[in-house]
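Fold and geometry: a report
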Amino acid sequence: MALDIDDTAIYTAVKAFAALIVPTGTPIQRGQQNRVPMPDVPCVILTTLGVPTRIGTNAENTEAVIVDGEITGFTAAVKADFEYRVQADFYSPDAESWAMAAELLWRGSIGFAAMPAGMKPLYSEDRRQAPLIGAEDQFLQRWILTFVLDYQPTWTQPTNAATALVIIPEAIEVFFPPGWTADSNTTSDSGSHTADGS
């Protein structure tokens, strides 16, 4: 059994997209991790928002596994469709420029091409400034942008299926109920009748 897309795969893809925007070597890390201090240099922090929202019903199918031209088994697959939100916090004197660039590229062909199959951009929420005061009472420039993407995870597992059908004929009663015949549906009347039906 296997799931091809999980939350780690989504973070990896969004991180790769964010790396297109910020200078090379800028730390990009996942938020809400234990014992992971925030970098003391300009950085990007990615955090999941809320719960993924289902936006489509399941699609199910069964495919043959073919090795050297021979069917060796079958795989059952179930695909779902979800809307996923990832918040990007840009910390830098250039944070607004980073957020603006991310907003522009996410909605265009570059953003679409940068994300792998099964994970594609939908839209982004408006960027906004959210300054942060550090432990040393120092003002940190921070801009926030939320990426909204569509992702379609597929779960697969080996299964059984038929490759051929064998038809076995079996004798059955032509008429029902048994014993009934076409002649049974006819009636005879040997009585005499007058012209007026009496």
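Before any of the text, the structure's been laid out above.
In this report, the structure presented in the accompanying data block is examined. (Residues numbered from 1 in each chain as written. Predicted model: local features only at pLDDT ≥ 70, side-chain atom pairs only at ≥ 80, totals over all residues. Heavy atoms only, no water.)

So, the overall build of the protein
Condition: Here a strand is any run of E in DSSP of at least two residues, a helix any run of H or I of at least four, and the numbering for each starts at the N terminus. The classification of residues rests on relative accessible area computed with a 1.4 Å probe and restricted to protein chains. Under 20% of the type maximum is buried, over 50% is exposed, and intermediate values are partly exposed. In what follows, a contact means two residues having at least one pair of non-hydrogen atoms within 4.5 Å. Note on areas: Shrake-Rupley, 1.4 Å probe, and residue coverage restricted to the protein chains presented here.
Along the protein, the regular secondary structure elements total three helices and 11 strands. Counting from the amino terminus, the protein carries its helices and strands in the arrangement β-α-β-β-β-β-α-α-β-β-β-β-β-β. Every one of the 198 residues in the protein was classed for burial, and the buried ones make up 29%. Long-range pairs, those at least 24 residues apart, make up 65% of the contacts in the protein with a sequence separation of at least 6. With the model as given, the accessible surface of the protein reaches about 13400 Å², and the carbon-plus-sulfur share is 54%.

Points about helix α2 (residues 95-106)
Put simply, the rule is: For a helix, the expected span equals 1.5 Å multiplied by the number of residues minus one. It is the directions from the helix axis to the C-beta atoms that the arc portrays.
The first and last C-alpha atoms of α2 sit 16 Å apart over 12 residues, in line with the 16 Å expected at 1.5 Å per residue. Residues of α2 that are buried: A95, W98, A99, A102, E103 and W106. Down the axis, α2 shows its buried residues gathered within 135 degrees of arc, on one side only. The elements touched by buried residues of α2 are α1 (7-19), β3 (43-48), β5 (70-91), α3 (109-114), β6 (119-124) and β10 (142-151).

As for the nonpolar core
Nonpolar side chains in soluble globular proteins generally cluster together in the buried interior. Rule in force here: The criterion is simple. A nonpolar core is a set of buried Ala, Val, Leu, Ile, Met, Phe, Trp, Tyr and Cys residues joined through side-chain atoms within 4.5 Å.
Counting 30 residues, the largest nonpolar core has I10 and F90 as the members making the most contacts within it. Broken down by secondary-structure element, the contributors of at least two residues to this core are α1, β3, β5, α2 and β10. Other than its neighbours up to four places away in sequence, F90 contacts C43, V44, A95, W98, A99, A102, Q141, R142, W143 and L145.

Quick word on the pattern of salt bridges
The condition that has to hold: We define a salt bridge as a side-chain nitrogen of Lys or Arg found within 4 Å of a carboxyl oxygen belonging to Asp or Glu.
Taken as a whole, this structure holds five salt bridges when the rule is applied. As a salt-bridge pair, R30 and D7 come within 2.8 Å of each other at their nearest N and O atoms. On the criterion of sequence distance, the pair formed by R30 in strand β2 (residues 28-30) and D7 in helix α1 is long-range, its members being 23 residues apart. Between E125 and R85 there is a salt bridge; the shortest N-O distance is 2.3 Å. With a gap of 40 residues between them, E125 in the loop between β6 and β7 (128-129) and R85 in strand β5 connect regions that are remote in the sequence. Linked through salt bridges whose partners overlap, the residues forming this network are E83, R85 and E125.

Here's the deal with the side chain of S92
Relative to the assigned elements, S92 resides in the loop between β5 and α2. Apart from the residues within four sequence positions on either side, S92 is in contact with P42, W98 and Q141.

Examining the environment of R128
Residue position: R128 is located in strand β7. R128 has contacts with Q87, R142, W143, I144 and T146, leaving out every residue within four places of it along the chain.

Observations regarding the packing of aromatic side chains
The cut-off we apply is this: A pair of aromatic rings is counted whenever rings of Phe, Tyr or Trp (Trp by its six-membered ring) have centres within 6.5 Å, and the orientation is called stacked for planes under 30 degrees apart, edge-to-face for over 60 and tilted otherwise. Counted as over-ring charges are cases with an Arg CZ or a Lys NZ within 6 Å of the ring centre that also lie within 35 degrees of the ring normal.
Under the counting rule described, the total for this entry stands at six aromatic pairs. Note on F17 and F147: the rings are 5.6 Å apart at their centroids and 90 degrees apart in plane angle, and the pair reads as edge-to-face. Taken as a pair, F17 in helix α1 and F147 in strand β10 lie far apart in primary sequence, 130 residues in all. With respect to class, F17 is no different from F147; both count as buried. An aromatic cluster is built from F17, W106 and F147, whose rings are joined through pairwise contacts. A cation over an aromatic ring shows up here: K120 above the ring of F112, its NZ or CZ 4.3 Å from the ring centre.

As for the environment of N160
Locating N160 in the fold gives a position in the segment after β11 (154-159). Taking the C-alpha atoms as reference points, N160 and G73, 87 residues apart in sequence, are found 7.1 Å from one another.

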